[in-house]
Amino acid sequence: MSTKVRVRYAPSPTGHLHIGGARTALFTYLFARKHGGQFILRIEDTDLDRNVSGAAEEFYNGLRWLGVEWDEGEDIGGKYGPYRCTDRMDIYREHIGQLLKEDRAYYCYCSEEDLAKERDAQIAAGETAKYSGHCRHLTPEQRAAYEAEGRGRTVRLRTSSGETLAFNDMVRGGISFESDGNDFVIVKSNGMPTYNLAVVIDDHLMEITHVTRGEEHISNTPRQMQIYRAFGWDVPEFAHFNLILNEEGKKLSKRDESILQFISQYRDLGYLEEAILNFLALLGWSPGTEEEIFSKQELIERFSFERVNKSGSIFDQRKLSWMNNHYFKKAELDRIVRLCVPQLQQASRLPATLDEAQEAWVNVLVILHQEKMNSASDIVPLTDLFFADVPELDEESKQVMSEATVQAVLAAFRNQVESAGEAGFTVENMKALIKAVQSETGVKGKGLFMPIRIALTGQMHGPDLNGTIWLLGRERVLKRLSDSLAARQ
Ligand code: GLU
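All values reported here derive from a predicted model rather than from experimental measurement.

Asks: Can you explain the overall build of the chain? Please cite residues and give values.
Replies: A count of helical and extended segments in the chain gives 20 helices and 12 strands. Relative to the compact-globule value of 23 Å for 489 residues, the chain shows a C-alpha radius of gyration of 32 Å, a clear excess of over 25%. Principal-axis analysis of the C-alpha atoms places the extent of the chain at approximately 110 × 50 × 40 Å. Here the chain holds 489 residues, and 49% of them are scored as buried. Accessible surface, the chain: about 23,500 Å² in total, of which carbon and sulfur atoms supply 48%. Taking the 58 positively charged and 72 negatively charged side chains of the chain as two groups, their mean positions are separated by 2 Å.

Dropping the structure here:
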């Protein structure tokens, strides 16, 4: 790439960081890093009614968590700031003044009601609704009269019709529109620039080389091109990313609760950020091979716009689970423990601070379940058995427990646990205790392990038996063995 790449992610601070936004940021970031360019984070808050306080910070936190770092932004500064639209009002005013002075834009005094009437009449006549151009050629006297009346005003761009507005989208190839001569608003009646105006001024002044964003902005691009032209500026390259679809292939609606859509939800549930990053990268980009596991560095090396899908990408929950589980299994135990502890605390299963014994206990708890987890929050449902009474046995378990040797096995195990004392009740020693039961009763294999497991947990399946017994604790083990023996008499 000959020019120095400068790209940006420009979210509107209207809510949480959404998976779609995070993916746009990620693709943009990967492109920047691949080409040794700059990645800029800009807050586009021109729609004052929709701004949510604290939203920008949420974007920063979410992106930092994912490891999508920016080189310039409101919080870290940069040569091209300010990086928030509402802090750039002087810049917009100056540029609007220039367009007005050159008569490339004009004040429009039509009220909302006038415009609605105009639109209704056009639609009734079967025409496409567009601005009639009422204020296009006002004389200075007419304008002065409207001003004197104290009418509200917007600014509209003077456009022409029949002009070809073509660009080569880096993802989609050639896209072309024909201008329709609809003089659109570039400054709202509250004096705020519209998104289309602000984005062009900001992208130009920040020397953005490639404008990257979701495909919902393709239809804004011709308007933006007209604004570039009005200023006499070069148009940057564009890349529009595909839609994210739900499992039925429908556009993901923000209300769709079948999918966790916000990055903060994943963080709060104790997902691993590198797994989410990897998953997001494959949501619309493919390496062209069957490979699916990529580190951030590998993604930087491999990413290209050419391999970004044009059609929508289905949010595949099974793949998400598989990928998260893959990273979970590989992660350091300590890291997983650190993520699991708050989840267990939130579920009131651990106290706010842990003593040494509790630390050791939770370590084993995690060791036993790490293979099965997609996120740290899974530790809670996976470990119910350590926090509840033995459930009612199902038919299959009852069958196992009716075997003739069960009584002897449970009694022998209770004796072993009793005589081992607290000191002998360790994970390491558990195997030996069970082995002793085998020698004493002559029962081995399933006939030995199953009754013990069922008596202690009420279930035929579960995590490693030695660890499970230790986690239950000596007191509870003795009690459950006694209960089970008593129930059989
Ligand atoms: N603020 C816009 C959004 O959140 C960004 C559009 C753009 O990148 O041009 O969708």
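Asks: Tell me what's going on with helix α11 (residues 317-330), and back it up with residues and numbers.
Replies: The end-to-end C-alpha separation of α11 is 20 Å, in line with the 20 Å expected for 14 residues at 1.5 Å each. Every buried residue of α11 is accounted for by L320, M323, N324, N325, Y327 and F328. Each element contacted by the buried residues of α11 is listed here: α8 (263-268), α9 (273-281) and α12 (333-346).

Asks: Describe the site of the ligand, and please don't skip the residues or the numbers.
Replies: Around the ligand, the neighbouring residues are R8, A10, P11, S12, E44, Y195, V199, R213 and H217. With respect to the ligand, the side chain of R8 contributes an N or O atom lying 2.7 Å from an oxygen atom. Within the contact set of the ligand, an oxygen atom lies 2.8 Å away from a side-chain nitrogen or oxygen of H217. Contact with the protein chains hides 81% of the accessible area of the ligand, taken as 300 Å² for the molecule alone. The pocket occupied by the ligand, as judged from atoms lying within 2 Å of grid points, is the largest pocket. Among the residues forming the shell around the ligand, the class breakdown is 4 nonpolar, 2 polar and 3 charged.

Asks: Give a detailed account of the layout of surface pockets, specifying residues and quantitative values.
Replies: In this structure, the largest pocket occupies an estimated 1,100 Å³ of space. If one sorts the elements of the lining of the largest pocket by residue count, helix α1 (residues 19-34) sits on top with 4 residues. Class assignment for the residues of the lining of the largest pocket results in 10 nonpolar, 15 polar and 11 charged. Along the walls of the second largest pocket sit 27 residues, with E112, L115, T154, R156 and V185 positioned nearest its centre. Among the secondary structure elements, those contributing two or more residues to the lining of the second largest pocket are α4 (112-124), β5 (154-157) and α6 (195-205). Looking at the lining of the second largest pocket, the element that brings in the most residues is α4, giving 5 residues.

Asks: Residues and numbers for the nonpolar core, please.
Replies: Counting residues in hydrophobic clusters, the biggest one holds 105 residues, and the most contacted among them are F413 and I469. Looking at this core, the element that brings in the most residues is α1, giving 9 residues. Residues in contact with I469, not counting those within four places in the same chain, are F413, F425, M430, I434, I452, L456 and V477. Counting residues in hydrophobic clusters, the runner-up holds 23 residues, among them C85, L99, V199 and W233.

Asks: Explain the pattern of salt bridges to me, and be specific about the residues and the numbers.
Replies: By the definition in use, this model includes 28 salt bridges. For E292, the salt bridge identified is with K319, shortest N-O distance 2.9 Å. Here K319 lies in helix α11 and E292 lies in the loop between α9 and α10 (296-302), a separation of 27 residues in the sequence. With a closest N to O distance of 2.6 Å, R349 and D384 form a salt bridge. You can see R349 sitting in the loop between α12 and α13 (356-369) and its partner D384 sitting in the loop between α14 (379-382) and α15 (395-401), a full 35 residues away along the chain. For R349, a relative accessible area of 19% gives the class buried.

Asks: A description of the packing of aromatic side chains should follow, citing residues and the corresponding values.
Replies: Given two aromatic rings, their pairing is described by the distance between the two centres and the angle made by the two planes. Evaluation of the coordinates by the stated rule reveals 16 aromatic pairs. An angle of 65° between the planes, with centres 5.2 Å apart, marks the rings of F167 and F238 as edge-to-face. Taken together, the residues F167 in strand β6 (residues 161-169) and F238 in strand β10 (residues 237-241) connect sequence positions 71 residues apart. Ring geometry for Y266 versus Y271: centroids 5.0 Å apart, planes at 75°, classification edge-to-face. Classification of Y271 as buried rests on a relative accessible area of 13%. Sitting over the ring of Y80, R6 keeps its end group 3.7 Å from the ring centre. The ring of Y107 carries R153 above its face, with NZ or CZ at 3.8 Å from the centroid.

Asks: Please give an account of the pairing of β6 that cites residues and values.
Replies: Consecutive side chains along a regular strand alternate between the two faces of the sheet. Pairing analysis gives 7 bridges linking β6 to strand β7 (residues 173-180), with the strands arranged antiparallel. Opposite N168, over in β7, you have G174 as the bridge partner. In sequence, β6 turns back onto β7 through a hairpin of 3 residues.

Asks: Quick rundown of empty space enclosed by the protein? Include the residues and the values.
Replies: Applying the stated criterion across every chain, the model contains 1 cavity of 30 Å³ or more. Of the voids in this model, the largest cavity is the one considered here, and its volume is about 40 Å³. In terms of lining residues, the largest cavity is bounded by L17, E58, G62, I263, S264 and R267. Those elements giving two or more residues to the lining of the largest cavity turn out to be α2 (55-66) and α8. In terms of residue count, the dominant contributor to the lining of the largest cavity is α8 (3 residues).

Cut-offs applied
Residues numbered from 1 in each chain as written. Predicted model: local features only at pLDDT ≥ 70, side-chain atom pairs only at ≥ 80, totals over all residues. Heavy atoms only, no water. Helix = DSSP H or I, 4+ residues; strand = E, 2+ residues; numbered from the N terminus. Rg over C-alpha atoms; globule rule 2.2 N^0.38 Å. Buried < 20%, exposed > 50% of the residue type's maximum accessible area, 1.4 Å probe, protein only. Areas by Shrake-Rupley, 256 points an atom, 1.4 Å probe, with all protein chains shown as cover. Lys, Arg positive; Asp, Glu negative; His and termini not counted. Charge placed at Lys NZ, Arg CZ, Asp CG, Glu CD. Expected span 1.5 Å × (residues − 1). Contact = heavy atoms within 4.5 Å. Near = heavy atom within 4 Å. Polar contact = N/O pair within 3.5 Å; in protein donor to acceptor, adjacent residues only side chain to side chain. 1 Å grid on protein atoms, 1.4 Å probe; cavity = no way out; pocket = protein on both sides within 12 Å on 5 of 7 lines; lining within 4 Å. Sits in = over half its atoms within 2 Å of the grid points. Nonpolar A, V, L, I, M, F, W, Y, C, P; charged D, E, K, R; others polar. Points joined across faces, edges and corners; volume = space filled by probe spheres on them. Core = buried A, V, L, I, M, F, W, Y, C linked by side-chain atoms within 4.5 Å. Salt bridge = Lys/Arg side-chain N within 4 Å of Asp/Glu carboxyl O. Phe/Tyr/Trp six-rings, centres within 6.5 Å; stacked < 30°, edge-to-face > 60°. Lys NZ or Arg CZ within 6 Å of the ring centre and 35° of its normal. Pairing = 2+ DSSP bridges.

In short, shape yes, function no, at least from these values alone.
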